[in-house]
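An overview of the molecular structure
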Amino acid sequence: LGGVGEAPRSMLSCTSLHTQAPCTWSRQEAMQEPGYPEPRQSHSAVLADRCRIFVFGGVGQHLPSGEAFSDVWIFHLDTLLWLKAEPSGGAFPGRGGHSATMLGRLMLVFGGAAGSSSSSHFNDLWAFDVDHHLWVQVQTDQGVPPLLPRTGHVALAIAQTPPAAPQQSTTG
């Protein structure tokens with residue numbers, strides 16, 4: 001989804017999917033009702049389960065001063081329909097150039113910038129519950145130095161679920 005085309009500043013909005021066999025790309029025309037994301041770049045996309053892709057943020061050419069989107073769109077692979085999520089929770093600033101990865105049922109979003117012309121870079125971590133459409137800012141461990149603000153990076157969750165709290169051993 002999206003990106004920048006060959007023409008100067010031409011943002012794309014097409015959806016292309018990779019088929020399993022044979023290994024070829026095919027363009028899937030997504031249904032345009034009830035809507036679909038505006039063309040964008042520097043956004044993120046995660047596969048939440050076998051049939052839903054969540055797309056967050058990015059920078060659009062029609063936003064003033066290169067501002068970033070703060071929207072969440074869900075692409076249903078079984079119906080080829082886009083639906084705009086209506087998240088609840090904390091006020092979440094739009095951004096592009098961030099990273100996103102899935103951990104359990106959470107889409108974790110880190111860093112990015114407020115827009116293409118912004119010098120405001122972030123080092124915050126947010127979690128989006130893909131089942132309840134809820135944003136929550138994640139407070140990092142106080143004993144760990146914060147990461148430097150950044151954009152244009154990647155993230156990968158190593159564990160499939162958050163680690164369990166250590167159990168206190170009992171001897172008797």
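Above this note sits the structure.
Just so it is clear, the model here is predicted, and its values are computed rather than measured.

A few words now on the overall build of the protein. A tally of helices and strands in the protein yields zero helices and eleven strands. Beginning at the N terminus, the succession of helices and strands in the protein can be written as β-β-β-β-β-β-β-β-β-β-β. Scored against the burial criterion, the 172 residues of the protein give a buried share of 37%. Counted over contacts in the protein with a minimum sequence separation of 6, partners at least 24 positions apart contribute 54%. For the protein, the computed accessible surface area is about 10600 Å², with 56% contributed by carbon and sulfur atoms.

So, on to the sheet that holds strand E9 (residues 106-110). Across the sheet, which stays open at both edges, the five strands sit in the order E7-E11-E10-E9-E8 with mixed pairing between neighbours. Every interior strand has two partners, whereas the edge strands, strand E7 (88-89) and strand E8 (99-103), have only one.

With that settled, consider unusual backbone geometry. The phi torsion at Ser-42 lies on the positive side, around 60 degrees, for a residue other than glycine. For Ser-42, the location among the structural elements is in the loop between strand E2 (25-27) and strand E3 (44-49). When its relative accessible area of 38% is taken as the criterion, Ser-42 is described as partly exposed.

Across the sheet, four strands lie side by side as E3-E4-E5-E6; this open sheet has antiparallel pairing. Each of the sheet's edge strands pairs with one partner strand only, and the pair in question is E3 and strand E6 (81-84). The average undirected angle you get between the axes of adjacent strands in this sheet is 25 degrees. Taken together, the five bridges between strand E4 (residues 52-56) and strand E5 (residues 72-76) define a ladder with antiparallel strand orientation. When the bridges of E5 are listed, Val-55 appears paired with Trp-73.

Once that is clear, we can look at the packing of aromatic side chains. Enumeration according to the criterion identifies six aromatic pairs in this entry. With a centroid separation of 4.8 Å and an interplanar angle of 45 degrees, the aromatic rings of Phe-75 and Trp-82 are classed as tilted. Both residues of the pair, Phe-75 and Trp-82, count as buried. Aromatic rings pair up to connect Phe-54, Phe-56, Trp-126, Phe-128 and Trp-135 into one cluster.

Our next topic: the pattern of salt bridges. Per the stated rule, a full pass over the model turns up six salt bridges. We note a salt bridge from Asp-124 to Arg-95, for which the minimum N-O separation is 2.7 Å. Of this pair, Asp-124 sits in the loop between E9 and strand E10 (125-129) while Arg-95 sits in the loop between E7 and E8, placing them 29 residues apart in sequence. When its relative accessible area of 14% is taken as the criterion, Asp-124 is described as buried. Note that Asp-131 is salt-bridged to Arg-105, the shortest N-O span being 3.0 Å. Highlighted residues: Asp-131 in the loop between E10 and strand E11 (134-137) and Arg-105 in the loop between E8 and E9, separated in sequence by 26 residues.

Conventions used here
- Residues numbered from 1 in each chain as written.
- Predicted model: local features only at pLDDT ≥ 70, side-chain atom pairs only at ≥ 80, totals over all residues.
- Heavy atoms only, no water.
- Helix = DSSP H or I, 4+ residues; strand = E, 2+ residues; numbered from the N terminus.
- Buried < 20%, exposed > 50% of the residue type's maximum accessible area, 1.4 Å probe, protein only.
- Contact = heavy atoms within 4.5 Å.
- Areas by Shrake-Rupley, 256 points an atom, 1.4 Å probe, with all protein chains shown as cover.
- Pairing = 2+ DSSP bridges.
- Axes fitted to C-alpha atoms, helices over the stretch in contact; angles between N-to-C directions.
- Phe/Tyr/Trp six-rings, centres within 6.5 Å; stacked < 30°, edge-to-face > 60°.
- Salt bridge = Lys/Arg side-chain N within 4 Å of Asp/Glu carboxyl O.

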